[in-house]
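What follows is the residue order along each chain.
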Amino acid sequence: MNFSRLNQARRGVGPLENELIDDYVAGSISRRTFVTRGSVLGLGVAFMGTIIAACGSDKAAAPAGTTAPGGTTAPGGTTPAGGTTAMTSKIKQGGTLRIASQKPGSPLDPVAMDNLGSYTPVTQSFEYLCGKGTAASLAPALAESWSPNADGSVWTFKLRKGVKWHDGKPFTAADVTATLDRLAGANLKAYIKAGSAKATDDATVEVTLNKPDGQFPYQVSLYNPQSLITPADYVVGTTLDKRPAGTGPFKLTKFDVATGATFEANADWWGGKPYLDKLEFIFSDDIATQISGLQGQAADAIVQFSVVGGDALLADPNITVESIRGAAHRQIWMNTREGTFMDVKVRQAIALGLDRQALIDTVLKGKGDLGNDHPVAPVYEYWDSKQPQRTRDVAKAKSLLKDAGKEGLKITMYAPKLQEIPQLAELVQTQLKEIGVEITLNIESTSTFYDEWCKTYDPICDGGKEFGIVDYGNRGTPDVYLVKAYTTGEWNSAHYKSDTFNAAVAKYQASLDTPSRATAMVDVQKIASEDVPYAIPYFYNSLTAHAKNVSGVVVSGLGHFECGKAGFTA
């Protein structure tokens, strides 16, 4: 241990950063956790490298063979961790990248979009303050750096200079403060209020939170998709196709929700002129069509696909497949406030009727982790490995239904035609039949499904159907799931309200060091699993694929397909 070097490096950072360094020095967190958490606190790569070198070793390193949150493996090819296609050879200038993508299930509204199909095209033009780093860490984007005050209640973002909007106007702090004011009434209402963000100069924004939060930068990053930065004069409800704008590497030139979208390169992008001339998105909800398009060379890449129907890609030597092990999952929602599922016994019966391992083996071919009816995935540092795993118990499920007066229950389940979800719905239908529940399936296009999920969305989820399956993409932390699907009304299709649960989440968010957050998260997981507003059977590996001659694409497992540094190698 080089204490002289360590102490010298620590002098320039604040209390939260030093607490993190203390945790790492003491060996209570791994190098991976230190780097991820350090990136959230705004510590630079060079600074963290100095700390790691001074310590001399990683006393709590992850065991060999484990995969970091957001890390990648490559069943059909080799890619590095972090969701970026390997730079195997020099990328050539020019060309059009044809991308098979899920059809947008909502308007291209950067504030109110709610599905992966919409995230993909919108994020070609608009950008976040914080971007994607290695695994679940963050990296500079429109913000070059950020730092918290002593308790994490105020965050200061230093903005990148020289950035221009697509119309040539300069990007300034005024755009960021106006964006955050708009989000204060919607996506970020749990964190800030109007006026919380103030520009201290043209390139600096200071954000005062409603309460301390040591992970706030995740809320203005790609892991919170609706936090894209829009121009100062942007009006809520404006869509990208109606006002093509942004600071990103590509400009929208054509959009048809039924067929696709076209983008041209932004030669003035702050990240440098893109290699690619154009992007062509080919929209389809039919995964077989997407896969045949890639294999038949009608497309060069697929944003995301499932193992079911995608087996051919995994074995194709001409295709590179990336697999991101993260927190992406499916929620089986049950309306807790009215109708069939008000009695927790009914919800617990549904959860006990699921054979989770069989679901993973059948629809994921083993590429996933068991879910325990809470959204904290095993890849998270806060996952409680000591919590008993819920397993199938048909007899107990039947008994609970009988006690609740719901024997012979008949119910309609709503689900989108998206990746493996139709097959999951069919298996759930079969499994729950064994506990005496008869399910009628209503599988529909993503263009109409989200109205069944959250019928009213202005800005809260209200109405909708009482039972169904909805998709949730990968996040670097569980905060978005906990806040939006459980503690607020925004995506709360279960209409779940629990003061006890809300208090547990608040305690977790107020805990500023890693060990205390892990302790607080124990109650969060326990309460969610017992109340079961959502049955969460598994966390799936997010799969994306592209031709062998495509390189430089950055993926997140959340519908992002960043092509600013992408191109063709041959």
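Our structure is the block above this text.
No experiment lies behind these values; they were computed from the predicted model shown. All chains use their own residue numbering, which begins from 1 and follows the written sequence. Local features in this predicted model are restricted to residues whose pLDDT is 70 or higher, and side-chain atom pairs enter the listing and the counts only when it is 80 or higher, whereas totals over whole chains, interfaces and linings include all residues. Heavy atoms from the whole structure form the basis of all side-chain values; hydrogens and water molecules are not counted.

The next thing to look at is unusual backbone geometry. Despite not being glycine, Ala-135 shows a phi value in the positive range, around 55°. Helix numbering and strand numbering both begin at the N terminus, where a helix is a DSSP run of H or I of at least 4 residues and a strand a DSSP run of E of at least 2. Summarising the element assignment, Ala-135 is placed in the loop between β3 (130-132) and β4 (138-140). Any residue under 20% of the maximum accessible area for its type is buried, any over 50% is exposed, and the rest in between are partly exposed; the area is computed with a 1.4 Å probe on protein chains only. Residue classification places Ala-135 among the buried residues on the basis of a relative accessible area of 7%. With a phi close to 65°, Gln-297 is a non-glycine residue in the positive phi region. One can find Gln-297 in the loop between α7 (287-295) and β12 (301-305). Relative accessible area serves as the criterion here: at 63%, Gln-297 is assigned to the exposed category.

Attention now moves to the pattern of salt bridges. Between Lys or Arg on one side and Asp or Glu on the other, a salt bridge is scored when a side-chain nitrogen of the former is within 4 Å of a carboxyl oxygen of the latter. Applying the stated rule across the entire model yields 13 salt bridges. The shortest N-O distance in the salt bridge between Arg-517 and Asp-213 comes to 3.5 Å. Of this pair, Arg-517 sits in helix α16 (residues 514-531) while Asp-213 sits in the loop between β8 (204-208) and β9 (250-256); the two residues are 304 residues apart in sequence, bridging distant segments of the chain. With respect to class, Arg-517 is no different from Asp-213; both count as buried. For the salt bridge of Lys-526 with Glu-530, the shortest nitrogen-to-oxygen distance reads 3.0 Å. Of this pair, Lys-526 and Glu-530 are both found in helix α16, 4 residues apart, which corresponds to roughly one turn of the helix. The network of salt bridges with shared partners includes Arg-356, Asp-373 and Arg-390.

Now for helix α3 (residues 31-40). The buried fraction of α3 is high, at 7 of 10 residues. Contact definition: two residues touch when any of their heavy atoms are within 4.5 Å. Buried residues along α3 sit against α2 (15-26), α4 (45-55), β4, β5 (143-148), β6 (154-159) and α16.

In this section: helix α11 (residues 394-403). Looking only at α11, the buried set comprises Ala-397, Leu-400 and Leu-401. End-on, the buried residues of α11 take up no more than an arc of 100°, which puts them together on one face. Turned more than 90 degrees away from the buried face of α11 sit Ala-395, Lys-402 and Asp-403, all of them exposed. Elements that come into contact with the buried residues of α11 comprise α9 (344-352). Just downstream of α11, Gly-405 is the residue with a positive phi angle, here 75°. Starting at the helix axis, one direction is taken to each C-beta atom, and the arc is that of these directions.

Here we come to the packing of aromatic side chains. Pairs were defined over the aromatic rings of Phe, Tyr and Trp, the Trp ring being its six-membered one, requiring ring centres within 6.5 Å. Orientation was assigned from the angle between planes: stacked under 30 degrees, edge-to-face over 60, tilted for the rest. By the definition in use, this model includes 20 aromatic pairs. Aromatic pair Phe-255 and Phe-283: ring centres 6.1 Å apart, planes at 65°, arrangement edge-to-face. Taken together, the positions of Phe-255 in strand β9 and Phe-283 in strand β11 (residues 278-283) put the pair 28 residues apart, joining distant regions of the chain. Cluster of aromatic residues (ring-pair linked, three or more members): Trp-333, Phe-449, Tyr-450 and Trp-453. Here, a charge over a ring is recorded when the distance from Lys NZ or Arg CZ to the ring centre is within 6 Å and its angle to the ring normal is within 35 degrees. In this arrangement the basic side chain of Lys-484 is found over the ring face of Trp-491, its NZ or CZ atom lying 5.5 Å from the centre.

For Ala-184, the location among the structural elements is in helix α6 (residues 173-184). Sequence separation between Ala-184 and Ala-197 is 13 residues, and the spatial gap between their C-alpha atoms is 9.6 Å.

In this section: the packing of helix α15 (residues 499-510) against α16. Angles shown run from 0 to 180 degrees and are taken between the N-to-C directions of axes, each axis being a line fitted to C-alpha atoms and, for helices, limited to the stretch in contact. Between α15 and α16, the least distance of the axes is 8 Å, while the angle of their chain directions is 160°. Between α15 and α16, the interaxial angle falls into the category roughly antiparallel. Crossing geometry of α15 relative to α16 is assigned as left-handed. For the pair α15 and α16, the contacting residues are Thr-500, Phe-501, Ala-504, Val-505, Lys-507, Tyr-508 and Gln-509 in the first and Arg-517, Ala-520, Met-521, Asp-523, Val-524, Ile-527 and Ala-528 in the second. Gly is put with the polar residues, along with every residue not named as nonpolar or charged; the nonpolar set is Ala, Val, Leu, Ile, Met, Phe, Trp, Tyr, Cys and Pro, and the charged set is Asp, Glu, Lys and Arg. Across the contact of α15 with α16, the residue classes tally to 9 nonpolar, 2 polar and 3 charged. An angle below 35 degrees is read as roughly parallel, one above 145 as roughly antiparallel, one from 65 to 115 as roughly perpendicular, and any other as oblique. Note on convention: the crossing is left-handed when the near helix lies turned anticlockwise from the far helix by less than a right angle, right-handed when the turn is clockwise.

What follows concerns the pairing of strand β17 (residues 438-444). Judged from the 7 bridges that link them, strand β16 (residues 410-416) and β17 form a sheet pairing that is parallel. What sits directly across from Pro-416, in β17, is Glu-444. In this view, the connection linking β16 to its parallel neighbour β17 by way of helix α12 (residues 421-433) has right-handed handedness. Note on pairing: DSSP must find at least two bridges between two strands before they are called paired. Call a crossover right-handed when, viewed with both strands pointing away from you, the route from the first strand across the helix to the second goes clockwise.

Moving on, we get to the environment of Tyr-450. Residue placement: Tyr-450 occurs in helix α13 (residues 446-453). Sequence separation of Tyr-450 and Val-470 is 20 residues, and the distance between their C-alpha atoms is 8.5 Å.

Moving on, we get to the state of the cysteines. The disulfide criterion is simple: two cysteine sulfur atoms within 2.5 Å. For the structure shown, the criterion picks out 1 disulfide. Disulfide pairing is shown between Cys-454 and Cys-461; the S-S distance is 2.1 Å. Linking Cys-454 and Cys-461, the disulfide has an S-S dihedral of approximately -95° and is accordingly described as left-handed. Taking the relative accessible area as the measure of exposure, Cys-461 reaches 5% and is therefore buried.

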